[in-house]
Amino acid sequence: MGKALMILGTSSGAGKSLLVTALCRIFANMGYDVVPFKSQNMSLNSAPTIEGGEISRAQYLQAIACRKKPSVKFNPILLKPEGNMRSQVVFMGKPIGSVSAREYMLSKKEELFRKAMAVLDELKEKHDLVIIEGAGSPVEINLKDYDIANTRVMLHARTKGVLVTDIDRGGSFASIVGTMELLKPEEREAIIGFVFNKFRGDPSLLEPGFEYLEKRYGKPTLGVIPYVEHRLPEEDSLAEFPKVKGELHIQIIKLPHMSNFTDFEPLHWANGVDYVTRPEEIRGDLIIIPGSKNTVEDLLWLRQEGFGDAILEAHREGSFVVGICGGFQMLGEKIVDNVESKRGIVKGIGLLPAKTVFSKVKRTNHLKAEVLWGPAKGMSVEGYEIRFGRSTSKRPFSIITAVNGAKAIEPEGAVGERAFGTYLHGIFHNFTFTERFLNFLRREKGLEPISIEEWSIEEEIEKFARIVGKNLDVERILAELGL
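Structure report, in brief. No experiment lies behind these values; they were computed from the predicted model shown.

Helix and strand content of the chain: 14 helices and 26 strands. Projected onto its principal axes, the C-alpha coordinates of the chain cover approximately 70 × 50 × 45 Å. Counting all 483 residues of the chain, 58% fall into the buried class. Put simply, of all contacts in the chain between residues at least 6 apart along the chain, 72% involve residues at least 24 apart. Accessible surface computed for the chain: about 20,200 Å², of which carbon and sulfur atoms make up 50%.

The structure is reproduced here in structure tokens:
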């Protein structure tokens, strides 16, 4: 039977996901067979697994850090918010229904928790170490009786926990004390120490606080992680959407049910992006409609709020328009949806020659494709798809050449006049494609071409793990686990 370590946080955004990512890589580099686990995650940022299911992007990243192929076992329960206090429930990678928050708490949770713990037990049996990520705060008084992602998991696994707090926000010592006081005695006993995350300054100045915590609880501070500029994706619930106007004005419409915003990180680093929330702001050189958990509902919202007309007007004035997945579907001529929204036939924005019909079977795959669109024609790209829609077009954007490594020949996406749409999440992570696309737009604007610095998730994980390893008492953690 392997060991497990639980990473709890004093709040959402404390840094649990990336600390788990770093620990996964640190222990993997030490030769341990390590895997991540989060019993339940609420996220609209998901990614495909080897089984053809989907998990949170955070656990996908942690799997890469472990040098493991992403599996549905790493995130058995995924909740995808749909609005109106309802979520789609994904269990072991597959959608099993849509429920209200109250219905889920009172009827679904316990059954799914038992099944998730059986998955955790299996992971412990097969691997040296399981790094478990908690969710939000473990001591929310109104939720604690229903919480299946924090201390119940820790106690089930009979393991130790580390409590992490975001000192950059302020109030971190009070957050740790408050959390410790609200934990039950057996939960408090399982905590082996504290980690202060995102610190800017001299850690020695924090010593009086460390001494107070150790005197009060008998627990040491295991590390102070400096504030680090990195390119690793953050969890979507607390993502910041800065308005950055580079030499190209790239606008991304912030949909109510926007999903997979990590698609646009390369654009942020190469130029800067501007997330827009009002139709009167629409006037960019490039306008992007991102993916959506509720495509038709977001399309109707676009039309109701005036975005549809604003996009068409900007396009007439020269803006280039791109749609990714749900955004591609919205830009087409029509959508037939008797599955997700059950709205039937809905008229699209009409910039792309495509029609979409929703199927009950979700496609969740890694893809390779050959681009057919002009400036990047013939280029090989990679990405992934997570979708119910099936679209047809006489002018596809690309030809899918491989699905999960198996050869394929299948058109996807669509090309219009100064517009294209694609199902390829991650298209902009193909740096050569992105460089060519942005330089196409830059030439039109009379700007000099740029070269995009290529970077990889693998390199970013290594760099971040090295920083964490230097500032965390890893040997103490291993000793506490008996390793």
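Attention now moves to the layout of surface pockets. A volume near 800 Å³ is recorded for the second largest pocket. Lining the second largest pocket are 30 residues, and of these Arg-57, Tyr-60, Ile-64, His-366 and Glu-382 lie nearest its centre. Elements that contribute at least two residues to the lining of the second largest pocket include exactly α2 (57-65), β21 (354-371), β22 (380-393) and α13 (457-471). When residues in the lining of the second largest pocket are grouped by element, the largest group, four residues, is from α2.

Our next topic: the state of the cysteines. Tallied over the entire structure, the rule returns zero disulfides. The thiol of Cys-24 is not disulfide-bonded; the next cysteine sulfur, from Cys-66, is found 3.2 Å away.

Of all seven residues making up strand β1 (residues 3-9), six are buried, and the element is well covered by its neighbours. Strand direction decides the pairing type here: β1 and strand β9 (residues 129-133), joined by five bridges, are parallel. Its bridge partner lying in β9, Met-6 is registered against Ile-132. Bridge count for β1 against strand β10 (residues 160-166) is five bridges, and the pairing is parallel. Bridge pairing in β10 places Gly-9 opposite Val-164.

This part covers unusual backbone geometry. One non-glycine residue with positive phi stands out, namely Arg-158, at about 50°. Relative to the assigned elements, Arg-158 resides in the loop between α4 (151-156) and β10. Overall, Arg-158 belongs to the exposed group, its relative accessible area being 72%. In this structure, Cys-325 takes a positive phi of about 55° despite not being glycine. Secondary-structure assignment places Cys-325 in the loop between β18 (320-324) and α11 (326-331).

Let us now look at the packing of helix α1 (residues 16-29) against α13. With their axes 8 Å apart at the nearest point, α1 and α13 run at an angle of 90° to one another. Considering the angle they form, α1 stands roughly perpendicular to α13. Residues Leu-18, Leu-19, Thr-21, Ala-22, Arg-25, Ile-26 and Asn-29 of α1 touch α13, and the partners they reach there are Glu-458, Ile-461, Glu-462, Phe-464, Ala-465, Val-468 and Gly-469. By residue class, the composition of the contact of α1 with α13 is eight nonpolar, three polar and three charged.

Reading the values: rules and limits
- Residues numbered from 1 in each chain as written.
- Predicted model: local features only at pLDDT ≥ 70, side-chain atom pairs only at ≥ 80, totals over all residues.
- Heavy atoms only, no water.
- Helix = DSSP H or I, 4+ residues; strand = E, 2+ residues; numbered from the N terminus.
- Buried < 20%, exposed > 50% of the residue type's maximum accessible area, 1.4 Å probe, protein only.
- Contact = heavy atoms within 4.5 Å.
- Areas by Shrake-Rupley, 256 points an atom, 1.4 Å probe, with all protein chains shown as cover.
- 1 Å grid on protein atoms, 1.4 Å probe; cavity = no way out; pocket = protein on both sides within 12 Å on 5 of 7 lines; lining within 4 Å.
- Points joined across faces, edges and corners; volume = space filled by probe spheres on them.
- Disulfide = S-S within 2.5 Å.
- Pairing = 2+ DSSP bridges.
- Axes fitted to C-alpha atoms, helices over the stretch in contact; angles between N-to-C directions.
- Parallel < 35°, antiparallel > 145°, perpendicular 65-115°, else oblique.
- Nonpolar A, V, L, I, M, F, W, Y, C, P; charged D, E, K, R; others polar.

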